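# A look at the structure
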Number of protein chains: 2
Amino acid sequence: MDRKVDQIIKGSQSLIFKNAPYIVSAASVVGSKEAEGPLGELFDMAGEDDLFGAQTWEEAESTMQKEACVLALGKANAAAEDVRYLFGGDLLRQGIATSMGVEALQIPMFGLYGACSTSGEALALAGMSAAAGYGEYMLAVTSSHFGSAEKEFRFPLGYASQRPLSAHWTVTGSGAFVVRAPGRRDEEQTCPERVQEDSGLPRKGKTEPKEPKRKSHVRIAGVTVGKIVDYGLKDSQNMGACMAPAAMDTIVQNFTDMGRTEADYDRIITGDLGYVGQSILFDLVRGKGYDIREKHIDCGMTIFDQQTQDTHAGGSGCGCAAVTLASFVLPKIEKGEWKRVLFVPTGALMSTVSYNEGASVPGIAHGIVLEHC
Amino acid sequence: MDRKVDQIIKGSQSLIFKNAPYIVSAASVVGSKEAEGPLGELFDMAGEDDLFGAQTWEEAESTMQKEACVLALGKANAAAEDVRYLFGGDLLRQGIATSMGVEALQIPMFGLYGACSTSGEALALAGMSAAAGYGEYMLAVTSSHFGSAEKEFRFPLGYASQRPLSAHWTVTGSGAFVVRAPGRRDEEQTCPERVQEDSGLPRKGKTEPKEPKRKSHVRIAGVTVGKIVDYGLKDSQNMGACMAPAAMDTIVQNFTDMGRTEADYDRIITGDLGYVGQSILFDLVRGKGYDIREKHIDCGMTIFDQQTQDTHAGGSGCGCAAVTLASFVLPKIEKGEWKRVLFVPTGALMSTVSYNEGASVPGIAHGIVLEHC
């Protein structure tokens with residue numbers, strides 16, 4: 001067996017890529033409330049009415065996904081047909097926002113579902129596929145939409161239902177990431193395969209391009225794939241509490257598998273635990289002998305201003321971690337401000353049927369090790 | 001870049017594994033109607049009341065998934081902790097049957113959604129991960145349940161709604177597959193890591209096992225990952241017509257990518273096109289210059305006896321292709337009766353929200369090349 005990883009330890013859940021793939025570009029498309037939040041200036045595109053020219057929230061979400069993919073591809077100077085496989089998902093039943101959103105791109109695709117952890121799942125599989133040499137470019141994309149998620153999981157917006165303080169506010173947004181296979185970074189300035197066709201002159205053979213491909217300084221160094229963690233909680237309006245055990249499990253597993261502690265990361269960034277989930281996470285992690293308080297950021301607590309935006313526990317949804325990663329986290333790694341980050345999007349595994357039937361809400365979290373290089 | 005595949009052709013959607021992983025075991029768990037059908041004798045386990053001891057259809061489906069996984073692991077003589085990653089999915093909103101079903105196994109997991117094509121998606125990703133050396137054992141599992149699917153997509157069973165002749169009958173069943181990394185087949189008789197602990201005597205170090213690991217003669221030689229194909233059809237009660245274009249696209253793409261025709265396969269096996277979809281598939285494929293009529297089998301037309309079981313267009317669902325593959329197809333490849341099979345599970349990408357909002361029902365199909373070895 002040709003081992004792409006250092007070693008496969010029984011019981012370990014992690015991979016460290018010998019030749020790590022790169023995130024060569026990322027794009028974020030968000031709604032109006034997100035644009036008014038603390039990260040507002042950092043997003044690539046914001047919609048004015050959250051419908052993005054569509055007739056329904058679901059179509060609007062699909063439109064965001066497509067736009068995020070197109071923007072990310074543009075930044076990578078790559079075309080859709082350059083992308084070998086797409087890994088995407090969302091929160092809606094039967095992942096319909098993704099199916100309808102990426103259809104126009106005509107990229108061979110794997111539909112995913114990991115609740116709000118899906119951006120981690122997509123980046124893990126895109127990274128694994130690129131590191132294995134299954135293609136040069138992979139695309140990872142996720143989305144969520146406040147309107148479609150409220151309809152899917154709670155009540156139509158028109159009902160104006162009251163929300164408990166432990167509830168999250170689903171982020172309207174989509175983040176897309178172009179992952180490139182390792183080993184080509186030094187060649188990127190020569191860009192032999194694809195050039196900007198803007199000269200108007202006929203080209204002969206492999207000429208030098210007008211515009212070099214984008215260099216990346218962010219690599220996916222490894223992944224820790226999460227297990228389903230169930231502490232038996234049943235409150236779908238307190239997802240932070242449901243997801244915190246899974247975040248703890250994946251973070252501690254990552255430390256164990258890779259022989260690390262919180263000291264080895266500049267930041268440990270969860271997806272959408274919110275204020276309730278964060279405090280539980282700190283307690284659970286402390287119970288395992290680690291203290292991540294100095295290193296922890298939660299995307300759901302970063303994307304909105306809780307005091308002025310009335311978002312209660314914080315932002316959530318497949319889009320929350322994705323657009324925060326694309327707009328806020330990756331540029332800091334790109335610049336070298338942060339050298340190594342553990343990105344841990346978290347998901348609450350439930351459906352309206354499951355919690356109405358009395359089932360618990362287990363969590364899952366996937367860890368992605370991102371490094372400046 | 002270390003290429004695991006022969007070459008990556010731009011526009012191609014396929015991988016041919018240089019070192020192909022094996023399907024070392026498979027298991028099928030089905031409901032009572034499936035047990036009464038033409039394949040009834042071949043399934044590993046059948047439920048008497050389709051509830052499998054659970055209180056709801058959803059819990060029943062989860063139970064089937066867990067049982068199928070446990071059975072497949074048992075046949076492979078492997079424990080859950082030997083499995084590196086699990087790839088699973090189902091038809092229910094938020095993939096809840098899988099989340100609840102595989103939770104007890106505590107295997108790091110990737111949740112998938114590809115409608116009824118999910119067994120192909122799961123086998124593709126499990127095969128890709130095993131071929132890349134990301135772990136020795138991978139587990140692929142999918143399920144569907146007539147009761148939960150009718151509730152999800154149509155009407156509760158108690159309504160006794162009439163069904164058009166083009167409608168499918170969702171298969172109650174779950175199929176699980178243990179995929180093993182390549183390059184270890186010759187060593188399997190020695191089985192150094194895990195043995196049957198049935199001797200009652202203490203074991204010292206790596207002794208020879210009582211029972212050798214199962215040898216496999218079925219390998220995943222390659223995959224063709226499907227694109228979303230949308231001919232604009234909107235009839236959710238005629239899924240065969242919605243999925244046939246995707247099946248054609250993947251089959252023809254496989255022929256093109258691998259330089260093959262129908263003559264290179266002993267069988268081309270679609271998931272659940274049914275009688276309506278099959279005739280459309282034949283026409284569409286003929287339009288591309290191929291004739292697969294002599295080689296084609298559809299799992300949905302195989303699992304039920306249309307005449308006596310009143311299943312209209314045929315069986316469908318994530319479980320349909322999976323249990324037919326596990327019980328009927330793989331043993332024939334194992335024995336060498338069929339040397340090379342193109343397995344093409346097909347999915348109709350829709351949700352109740354999408355078709356009630358007037359969206360079309362696009363299809364997707366993934367091709368898995370299975371070879372006797």
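Notes on the structure follow. (Residues numbered from 1 in each chain as written. Chains lettered and ligands numbered in written order. Predicted model: local features only at pLDDT ≥ 70, side-chain atom pairs only at ≥ 80, totals over all residues. Heavy atoms only, no water.)

Summing up its helical and strand segments, chain A has 11 helices and 16 strands in all. The burial tally for chain A puts 66% of its 373 residues in the buried class. Considering only contacts within chain A whose residues lie at least 6 apart along the sequence, 77% involve residues at least 24 apart. (Helix = DSSP H or I, 4+ residues; strand = E, 2+ residues; numbered from the N terminus. Buried < 20%, exposed > 50% of the residue type's maximum accessible area, 1.4 Å probe, protein only. Contact = heavy atoms within 4.5 Å.)

We now examine the pattern of salt bridges. Residues and elements named next belong to chain A. Evaluated as defined, the whole model comprises 24 salt bridges over all chains. In this structure, E150 and R163 form a salt bridge, with 3.0 Å as the shortest nitrogen-oxygen distance. Highlighted residues: E150 in helix α5 (residues 146–153) and R163 in the loop between α5 and β7 (169–170), separated in sequence by 13 residues. Of the charged contacts in the structure, one is a salt bridge between R340 and E371, with a shortest N-O distance of 2.9 Å. Here R340 is found in strand β13 (residues 340–344), whereas its partner E371 is found in strand β16 (residues 367–372), with 31 residues between them in sequence. For R340, a relative accessible area of 22% corresponds to the partly exposed category. Residue classification places E371 among the buried positions, given a relative accessible area of 8%. (Salt bridge = Lys/Arg side-chain N within 4 Å of Asp/Glu carboxyl O.)

Let us look at the interface of chain A and chain B. Taken together, the 70 residues of chain A in the interface contact 69 residues of chain B. Summed over both sides, the interface of chain A with chain B buries roughly 6000 Å², with 59% coming from carbon and sulfur. Summed over the shared surface of chain A and chain B, the number is 2 salt bridges. Across the pair E357 of chain B and K151 of chain A runs a salt bridge, and its minimum N-O distance is 2.8 Å. Taken together, the connections running from chain A to chain B amount to 28 residue pairs in polar contact (both at pLDDT 80 or more). Elements that contribute at least two residues to the side of chain A that touches chain B include exactly β1 (14–16), β4 (83–89), α3 (96–102), β5 (109–112), α4 (118–131), α5 and α11 (352–356) of chain A. The dominant element in the side of chain A that touches chain B, judged by the number of residues it contributes, is α4 of chain A, at 7 residues. Taken together, the residues of the side of chain A that touches chain B break down into 37 nonpolar, 18 polar and 15 charged. (Buried area = accessible area lost by both parts, 1.4 Å probe. Polar contact = N/O pair within 3.5 Å; in protein donor to acceptor, adjacent residues only side chain to side chain. Nonpolar A, V, L, I, M, F, W, Y, C, P; charged D, E, K, R; others polar.)

For the rest of this paragraph, the subject is the relation of the copies chain A and chain B. Of the transformation superimposing chain A on chain B, the axial component is 0.0 Å and the angular component is 180°, with the fit at an RMSD of 0.0 Å. The relationship between the two copies is best expressed as a two-fold rotation axis. In this assembly, 99% of the residues forming the interface of chain A have copies in chain B that are likewise at the interface, indicating an isologous arrangement. (Least-squares fit on C-alpha atoms with pLDDT ≥ 70 in both.)

Residue placement: S117 of chain B occurs in the loop between β5 (109–112) and α4 (118–131). With near-sequence residues (within four places) excluded, S117 of chain B lies in contact with P345, T346, G347, I364, A365 and H366 of chain B.

Looking now at α5 of chain A. All names here are of chain A. For α5, a buried count of 7 out of 8 residues is recorded, marking the element as mostly surrounded by other parts of the structure. If you check which residues of α5 are buried, you get F146, G147, S148, A149, E150, E152 and F153. Contacts made by the buried residues of α5 are with α2 (57–75), β6 (137–144), β7 and α11.

Of note, E81 of chain B is situated in the loop between α2 (57–75) and β4 (83–89). If we skip the residues at most four places from it in the chain, E81 of chain B touches K10 and G11 of chain A.

On to the packing of α2 of chain B against helix α5 (residues 146–153) of chain B. All names here are of chain B. In the contact formed by α2 and α5, the axes pass within 8 Å of each other and the chain directions differ by 130°. Taken as axis vectors, α2 and α5 run oblique relative to one another. Along this stretch, α2 crosses α5, giving a crossing that reads as left-handed. Here W57, E58 and E61 of α2 lie close against α5, whose contacting residues are G147, S148 and K151. Here the residues of the contact of α2 with α5 sort into 1 nonpolar, 2 polar and 3 charged. (Axes fitted to C-alpha atoms, helices over the stretch in contact; angles between N-to-C directions. Parallel < 35°, antiparallel > 145°, perpendicular 65-115°, else oblique. Left-handed = near helix turned anticlockwise from the far one by under 90°.)

Position of S166 of chain B relative to the elements: it lies in the loop between α5 and β7 (169–170). There is a polar contact of 2.8 Å between the side chain of S166 of chain B and the backbone oxygen of Q237 of chain B.

Here the focus is unusual backbone geometry. All names here are of chain A. Non-glycine residue A160 carries a positive phi angle of around 55°. Its location among the elements puts A160 in the loop between α5 and β7. With a relative accessible area of 60%, A160 lands in the exposed category.

Attention shifts here to the pairing of strand β10 (residues 267–270) of chain B. Residue and element names in this part refer to chain B. Across 4 bridges, the pairing between β10 and strand β13 (residues 340–344) is parallel. Along β13, the bridge assignment pairs R267 with V341. As judged from the 3 bridges shared by β10 and strand β11 (residues 296–298), these two strands associate in the parallel manner. Within β11, the residue paired with I269 across the bridge is I297. (Pairing = 2+ DSSP bridges.)

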